[in-house]
Amino acid sequence: MKRALLALLTFCAVLTSCTQTYVVSTDDSTENGLNTSKATDGAQSEDGETNEDTQVQTDIQTEKEEPIVYTYEFKSDLSEYEKYMEPEDRDGYLILVNKNNPLPENYVPEGMVDVADTRDDGRDMQQMCLYASKALEAMLIEARANGCKKLSVTSAYRSYAYQYKLYNQYIDKEMSRHPSWSKEQAIAEVNTYSAIAGTSEHQTGLACDMHNLSSAKVEFADTPESAWLEDNCYKFGFILRYEEDKMDITGGIIYEPWHFRYVGRYHASRMHELDMCLEEYLDFLNKN
Ligand SMILES: [Zn+2]
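Engineer: Requested: an account of the pairing of strand β8 (residues 259-262), with residues and values cited.
Structural biologist: Neither face of β8 is left uncovered, since the one carrying H259 and R261 and the one carrying F260 and Y262 both have all their residues buried. Sheet analysis places strand β6 (residues 207-211) next to β8, joined by three bridges and oriented antiparallel. Each residue of the ladder has a partner; that of C208, found in β8, is F260. Pairing of strand β7 (residues 238-240) with β8, which is carried by three bridges, proceeds in the antiparallel orientation. When the sheet's bridge partners are listed, L240 is paired in β8 with F260.

Engineer: If you had to explain the environment of R265 to someone new, which residues and values would you point to?
Structural biologist: You can see R265 is positioned in helix α7 (residues 265-274). In this structure, R265 is in contact with Y70, M85, E86, K235, F236 and G237, ignoring residues within four places of it in sequence.

Engineer: Explain helix α6 (residues 224-232) residue by residue, including any values.
Structural biologist: Buried within α6 are the following residues: E225, S226 and L229. What you see down the axis of α6 is that its buried residues fit within an arc of 100°, all on one side. Summarising the geometry of α6, the exposed residues directed more than 90 degrees from the buried face are P224 and D231. Elements in contact with the buried residues of α6: α3 (130-145).

Here is what the cut-offs are and how they apply
- Residues numbered from 1 in each chain as written.
- Predicted model: local features only at pLDDT ≥ 70, side-chain atom pairs only at ≥ 80, totals over all residues.
- Buried ≥ 20, exposed ≤ 12 C-beta atoms within 10 Å, placed from the backbone.
- Helix = DSSP H or I, 4+ residues; strand = E, 2+ residues; numbered from the N terminus.
- Pairing = 2+ DSSP bridges.
- Contact = placed C-beta atoms within 7 Å.
- Arc of directions from axis to C-beta.

So, in structure tokens, the structure goes:
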């Protein structure tokens, strides 16, 4: 009897090990190849409460034998950029940042480099993580080869301190514009257009804003440049992060046709096929 039970357990273990496993956990377990780290330094949720138990980084490990390989043909020779568009660390760029998953104050991504296509109008060179920056460079080389000549990056990495300053400046502005408002009313208004410090994925060094207008406006969506980026960004490892029909899933963030996020080509291509935003996709990986 014992032997039969042991055999059954062994069979189940073998079955389990053959099944592809994707895990997003909210604890700090390292089971199933999952490594997580926590935000513990006063990260704030959108309602301003200190959240000391929020996971900020999830390294999903998908099976390396995954048969799907995405290859694309480009007009430009982008061979030197392939390793950045399709990173060897395939699952290393899926960090989720939103109002329920804030980054800690001291989170600064490692290895950031200048973004070659920073808008040339006297602003500081924008910075992103190496892989995101090089993949972006490739995307804009190909964009130019397809007639999109005037795209440039207006904003990339933003520090927690910068976001904090910006957010509070907006509150002051709303208060002086509406003298009868309480601070809570001003905050509610600001929350419709500005992320509270720690909840913007610009702090990851994997996101950027790019367009060809004087400032980021939804009218960008009507340009051929925007259409090209939306149709092609996944080939370079990027996703359009805030889509019009996903507002209820991304936490009420408005449609931002200018905001792109690097996740690497494999996951960007799968998200494109499945028509999923990052929140939906991570949930999907967790359940499949
Ligand atoms: Zn943005």
